[in-house]
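Listed below are the residues making up each chain.
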Amino acid sequence: MLLALAVVVVAATVVAAKVPPGCGQDGAVDSATFGKLMAELKANPFSFDRQEIIKNFVADNVAGLRSNQTIALANLFDNAILRVEVLEMLGPLLLGVTCDDLANGLLEPIHNSFGKMDALKALVNATVDLKQNNATILAQFSNTFTRRDAKSVIDAARPRSCVFGDPRSVKRVIFVVDTSGSMGERFRDADGNTVTRMSYVSRELVRAIDTLDSDQEFNVISFSNSPRAWQPGVVPVDAQSRTKAQQFASALTAGGGTNMLDALRLAYKDTRALGIFLLSDGMPNSAAGLVQEATGWSSQLSARRPLNTIALFAPAQAQQLLKSLAEATQGAFRAINK
């Protein structure tokens, strides 16, 4: 029975990955910055020194990592355990990997099944075409039993939203979502359907909420002319709160202005929140002093509370503002372009 299962799985048809907006490589670390990082790493022959360099890079950098950049960094570590530790360290900056990237670039160089399994667990939720193309991953596990275990990991995966990234990195998180009039503009998604920005973001927010762990707390704030909070403050993740929040997200509609200042003020007013994910597609009603205000709110408690920003089809000026907000608060920045 197990052998038959394994044969069926490996023989699965590999289809072309449909990569939705945000699952591409937009907003990645530029080539010059990455080149300097690689040069510094190669100049240090000791793996633990290299890990410390990567740790500092992740802490100081707001841009994401392309799949080829992730592979290049991981391949600097021959030890499977250290390689997995590095992959976990890079998690907040991953812009996503394909099954081919994961299988051929990251799993294949690992020579034991235990190391492969740990690497799979570290990256399975960052794999953008996991459901369509997982046969290439399963082929890396030659043993019937390890292949079965790998399939179980894949089946249990909760792939992250390509828009919001991985909110599981923040134990008490608030999603702040722009619902201004421009969010009603339409575009064609990866399946060829014409959708509004708002409906697409609502769908991705539902997915992000679905990935939250049971030990997290969360809230959702929408904003146009004024902010509107789903709850007065963060609440524990459970079946009921998850469903109610997803209903709130699904009901969001586009209209009005972009009062980002009051939305962030409301989010940071919740002193229990440890981090924020802000999505917007344009410039706020007023940008004057916004970065300074956010910096102050972020650092008003003993631990800095990062503002992770997502620019959705935003013009250059808005992208720069959102990137500056992330840089000032030690958050991460993600650009999603057409």
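The structure presented is a predicted model; accordingly, all values stated were derived computationally and were not measured.

Thoughts on the pattern of salt bridges
Summed over all chains, the structure comprises 12 salt bridges. Note that R158 and D213 form a salt bridge whose closest N and O atoms lie 2.6 Å from each other. Here the residue R158 occupies a position in the loop between helix 10 (144-155) and strand 1 (172-178), and D213 occupies one in the loop between helix 11 (197-211) and strand 4 (217-223), the gap between them amounting to 55 residues. What makes D213 partly exposed here is its relative accessible area of 24%. D281 serves as the salt-bridge partner of R197, at 2.8 Å between the closest nitrogen and oxygen. With R197 in helix 11 and D281 in the loop between strand 7 (275-280) and helix 14 (290-298), this pair connects stretches of sequence that are 84 residues apart. With relative accessibility at 6%, the residue R197 sits in the buried group. Given the relative accessible area of 4%, D281 is considered buried.

Section: the packing of aromatic side chains
In total, this model carries 6 aromatic pairs according to the counting rule given. When the ring of F187 is compared with that of F313, the centres are 4.8 Å apart and the planes differ by 75°; the resulting orientation is edge-to-face. On the criterion of sequence distance, the pair formed by F187 in strand 2 (residues 186-188) and F313 in the loop between strand 8 (307-312) and helix 15 (316-329) is long-range, its members being 126 residues apart. Neither F187 nor F313 differs from the other in exposure class; each is buried. With a centroid separation of 6.2 Å and an interplanar angle of 35°, the aromatic rings of Y268 and W297 are classed as tilted. Taken together, the residues Y268 in helix 13 (residues 260-269) and W297 in helix 14 connect sequence positions 29 residues apart. On the basis of relative accessibility, which here comes to 12%, the residue W297 falls in the buried class. Through successive ring pairs, a cluster of aromatic residues spans F164, F175 and F277.

A closer look at the packing of helix 5 (residues 80-90) against helix 7 (residues 113-123)
Running from amino to carboxyl end, helix 5 crosses helix 7 at an angle of 0°, the nearest separation of the two axes being 9 Å. For the element pair helix 5 / helix 7, the angle class is roughly parallel. Contacts between helix 5 and helix 7 involve A80, V84, L87 and E88 on the former and, on the latter, G115, D118, A119, A122 and L123. Of the residues that constitute the contact of helix 5 with helix 7, the class distribution is 6 nonpolar, 1 polar and 2 charged.

A few points about helix 3 (residues 47-60)
Because the α-helix completes a turn every 3.6 residues, residues three or four places apart line up on one side. For helix 3, with 14 residues, the first-to-last C-alpha span of 20 Å sits near the 20 Å given by 1.5 Å per residue. Contact partners of the buried residues in helix 3: helix 2 (31-42) and helix 5.

So, the pairing of strand 9 (residues 333-336)
The side-chain alternation of strand 9 yields two buried faces, one formed by F333 and A335 and the other by R334 and I336. Taken together, strand 8, helix 15 and strand 9 constitute a β-α-β crossover, and its handedness is right-handed.

Some thoughts on helix 4 (residues 67-74)
Most of helix 4 is tucked away: 6 of the 8 residues are buried. Within helix 4 the residues assigned to the buried category are S67, Q69, T70, I71, L73 and A74. Residues of helix 4 that are buried make contact with helix 2, helix 5 and helix 6 (99-107).

A closer look at unusual backbone geometry
With a phi angle near 50°, F313 is a residue other than glycine that sits in the positive phi range. Residue classification places F313 among the buried positions, given a relative accessible area of 10%. If you check the backbone angles, Q330 has positive phi at about 65° while not being a glycine.

Some words on the nonpolar core
Ranked by internal contacts, the top residues of the largest apolar core, which has 45 residues, are L41, L65, L73, L90, L102, L120 and I137. Within the residue set of this core, elements represented by two or more residues are helix 2, helix 3, helix 4, helix 5, helix 6, helix 7, helix 9 (135-138) and helix 10. Per-element accounting of this core gives the leading share, 6 residues, to helix 5. The next biggest cluster of nonpolar side chains, apart from the first, holds 31 residues, and it includes F187, A208, V220 and L279.

Details of the side chain of Q69
Within the secondary structure, Q69 is located in helix 4. Contacts of Q69, omitting those with residues within four sequence positions, involve A28, V29, F34 and G64.

Analysis parameters
- Residues numbered from 1 in each chain as written.
- Predicted model: local features only at pLDDT ≥ 70, side-chain atom pairs only at ≥ 80, totals over all residues.
- Heavy atoms only, no water.
- Salt bridge = Lys/Arg side-chain N within 4 Å of Asp/Glu carboxyl O.
- Helix = DSSP H or I, 4+ residues; strand = E, 2+ residues; numbered from the N terminus.
- Buried < 20%, exposed > 50% of the residue type's maximum accessible area, 1.4 Å probe, protein only.
- Phe/Tyr/Trp six-rings, centres within 6.5 Å; stacked < 30°, edge-to-face > 60°.
- Axes fitted to C-alpha atoms, helices over the stretch in contact; angles between N-to-C directions.
- Parallel < 35°, antiparallel > 145°, perpendicular 65-115°, else oblique.
- Contact = heavy atoms within 4.5 Å.
- Nonpolar A, V, L, I, M, F, W, Y, C, P; charged D, E, K, R; others polar.
- Expected span 1.5 Å × (residues − 1).
- Right-handed = clockwise from strand over helix to strand, strands pointing away.
- Core = buried A, V, L, I, M, F, W, Y, C linked by side-chain atoms within 4.5 Å.

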